[in-house]
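# A closer look at the structure
One-letter residues, chain by chain:
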Amino acid sequence: MEAILAIIFNPWTIVSLIFWLFVGFGALVLRKRKGAAYVFFPLLAMFKTKRLNKFINSIGQKSPRLWRMFWTMGIFVSFSFMIFAFWFFFSNLVSLIIEPQITNVITPLIPGVTISLPTFMYLILPLLFVITTHELAHGISSSVDGVEVVSSGVLGAGIFFLIGLGAFVEVDERKVRSSKYPRNTRLRIATSGTFINAITAFIGLLILMALPFLIQPFYRQAPQIAYMLTEEEGGFNYGVLGSGDVIVGVKKDNGSYVYLDYQFDLTLTRILDNKTKIACSPGNQLTFLTFNPGTNKEQERIVTLGPHYYYGFSFEKYNDTAIEITEVDTQEDGGNNWWLEVGNLITEINGNPLNYTIGDTFEKHLTVYGLTSLNITMSDSTVQSINIAVNGVYIGVVYDSLYWMGTNEVSQFFGPFWPDFTIKEFSWLFIISFSLVLFNTLPLPIFDGDRVTTELVNWGLGEGSYTKKKKKKEKFTYKKSDKNYEFMEYRVDKIISIKTYQTQNGKNLEERNEHLLNPNACKLVDTIGDGHYDAVQLEITPTEAYLEEDKSIIEVEYEYWFDEKSKKKKYIINFIRLITLVIVLGNFILSFVKFGFGLFWVPI
């Protein structure tokens, strides 16, 4: 019950509740304005606003010459990444075929499958930021060259709990692809999002490299004890230190503390290996300064240094009365008992039978000071002597996590989780930005790289002569507010026929008439302003009153001029797409076949 109340009265719960109440109120107010609000509770809410359009246009119109130079530079950067991305995926595919390793795995980020749900929470902020800057880049680069921003808006995302806010931009792609705008404009718009993502990845990498120095004035990273080995497990200080204790500093006798900081490789291991001013040898006692997060108290503990023995083999418990040798260091590797054989069972140490049930373990024999040899009895009752060497000190501490120890009031206010959160957020910012750059430059229809490839192919083959015509049919859903129906083609010559159909549940019910309008009632128009007809304008008369909005389908057959080289261009572009698709899918499929998708190789 206390946990539930803690969640309910958590400040972030209240903030998120207020957010969703505003979302609900906004959706209610805008319910009659179609397309103004999209709510996918409790994951996402989107609102369109013209104010953001004006904001984007105002940015683009400030120093347009500098903006053009900036976005033109993005063309070359994005093209370079396109070459790199193709090489990366191709070489990675070859590695997966010839000599697959875990670092070659390419897998989609699927919450709960390839990444854990807690980890996914760290992705939301970077994702929103990367997507928002990507979309704004498209919008700004469009406005610089006078391309209309059709719509834009804001969005909020989370899993009920509001994680972050973002923005989206929709550019009039149809006009961009027309001859009204030069190829440089289309390339600048196509590559602007990727260019900004590349800059974001570079900045994220710089911040990651600088974070240890930025964090140092406020935090030190110290080891937190997970478990203390008992004497039966080979430990020397059971009961002296406790689980959860953070080892803050170490000193010897009346010397000064050496404060641990794993950010800068000042680790407990370095101290025990005599790589600091503290001299350590078996039998010494050190003073550990520990901090307990539960009690929020520091305490000094006296720790005894035991000998770390080297005996040249590894073992596993075979049963409660024997251990099995699993690996032996060779003589060439400096093994001091190289003559032992893997698979041998040891049942007694110095004549004392091993019995793990009552604590008579092999590890316990290694807590004796001054050992130089041990007599071991094998399962066949043969007795042999093994050599023992001391190669350091041992205290019996097991730790698998690091704790951010605050050093001043600022860090104590933000708590120990802030540095870890910051590092993970910027790590994911770099990973997501760089990954998006690689994928988005690929020549596939869903990515910006496809538009770049199309422009390059068109530029390479040039424009053909528009001396031939083709026929085409297109269907439109009738809307009273729409007077112009825009075609997919840009150079329409004439209308051949117009038919209308009534639909119900997506099925044609009845063909009403062969020609909806007489030739004088429909007119070809140039909606783009490039000097070519690209849409038909209809004037509906009372005789066509049977047309129902969102239910009547208007079918237009028309004739248009086409580029004679378009077929060759399409073959080349589709071939490039096919090769790219095979390479990318090959990476995904082989990653799954060889390693499974329950993996994500980036260590976070």
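Residues numbered from 1 in each chain as written. Predicted model: local features only at pLDDT ≥ 70, side-chain atom pairs only at ≥ 80, totals over all residues. Heavy atoms only, no water.

A few words now on the sheet that holds strand 26 (residues 535-538). Within a beta sheet, neighbouring strands are joined by backbone hydrogen bonds and run either parallel or antiparallel to one another. Across the sheet, which stays open at both edges, the three strands sit in the order 22-26-25 with antiparallel pairing between neighbours. What marks the edges here is a single partner per strand, and that holds for strand 22 (484-486) and strand 25 (522-525). Geometrically, the sheet is characterised by an average inter-axis angle of 30 degrees between neighbouring strands, direction not taken into account. (Pairing = 2+ DSSP bridges. Helix = DSSP H or I, 4+ residues; strand = E, 2+ residues; numbered from the N terminus. Axes fitted to C-alpha atoms, helices over the stretch in contact; angles between N-to-C directions.)

In this section: unusual backbone geometry. For Asn-274, which is not glycine, the phi torsion reads 60 degrees and is therefore positive. With relative accessibility at 40%, the residue Asn-274 sits in the partly exposed group. Here Asn-350, not a glycine, exhibits a phi torsion of approximately 50 degrees, which is positive. Residue placement: Asn-350 occurs in the loop between strand 14 (345-349) and strand 15 (352-353). The class of Asn-350 is partly exposed, set by a relative accessible area of 41%. (Buried < 20%, exposed > 50% of the residue type's maximum accessible area, 1.4 Å probe, protein only.)

This part takes up the packing of aromatic side chains. Inspection of every chain in the model, using the stated rule, returns 33 aromatic pairs. With a centroid separation of 5.5 Å and an interplanar angle of 55 degrees, the aromatic rings of Phe-476 and Tyr-485 are classed as tilted. The exposure class of Phe-476 is buried, given its relative accessible area of 11%. Taken together, the aromatic side chains of Phe-81, Phe-84, Trp-87, Phe-88, Phe-89, Phe-430, Phe-434, Phe-439, Phe-447 and Phe-588 make up a single cluster linked through ring pairs. The lysine or arginine in question, Lys-470, covers the ring of Phe-562, its NZ or CZ lying 4.6 Å from the ring centre. The ring of Tyr-466 has Arg-491 sitting right over it, with the charged end atom 3.8 Å from the ring centre. (Phe/Tyr/Trp six-rings, centres within 6.5 Å; stacked < 30°, edge-to-face > 60°. Lys NZ or Arg CZ within 6 Å of the ring centre and 35° of its normal.)

Confidence in the prediction for the protein averages 83 pLDDT; 81% of positions are at 70 or higher. The low-confidence segment residues 599-604, where pLDDT is below 50, has 16 contacts with residues more than four positions distant or belonging to other chains. (pLDDT = per-residue confidence, 0-100. Contact = heavy atoms within 4.5 Å.)

Residue position: Ser-192 is located in helix 7 (residues 183-215). For Ser-192, a relative accessible area of 0% corresponds to the buried category. Looking at Ser-192, its side chain comes within polar contact range of the side chain of His-138, at 3.2 Å. For Ser-192, the side chain forms a polar contact with the side chain of Ser-141, separated by 3.0 Å. (Polar contact = N/O pair within 3.5 Å; in protein donor to acceptor, adjacent residues only side chain to side chain.)

A separate point is the environment of Pro-353. Mapped onto the secondary structure, Pro-353 falls in strand 15. With residues up to four places along the chain from it excluded, the contact list for Pro-353 reads Thr-347, Glu-348 and Asp-360.

On to the pattern of salt bridges, then. Tallied over the entire structure, the rule returns 18 salt bridges. Close ionic contact of Arg-188 with Asp-145 constitutes a salt bridge, the shortest N to O distance being 3.1 Å. A residue pair is termed long-range when its members are at least 10 positions apart, and Arg-188 in helix 7 and Asp-145 in the loop between helix 5 (117-144) and strand 3 (149-159) qualify at 43 residues. The residue Arg-270 makes a salt bridge to Asp-265 at a minimum N-O spacing of 3.6 Å. You can call Asp-265 partly exposed: its relative accessible area is 45%. Among the charged side chains, a salt-bridge network with shared partners connects Lys-469, Asp-493, Lys-494 and Glu-559. (Salt bridge = Lys/Arg side-chain N within 4 Å of Asp/Glu carboxyl O.)

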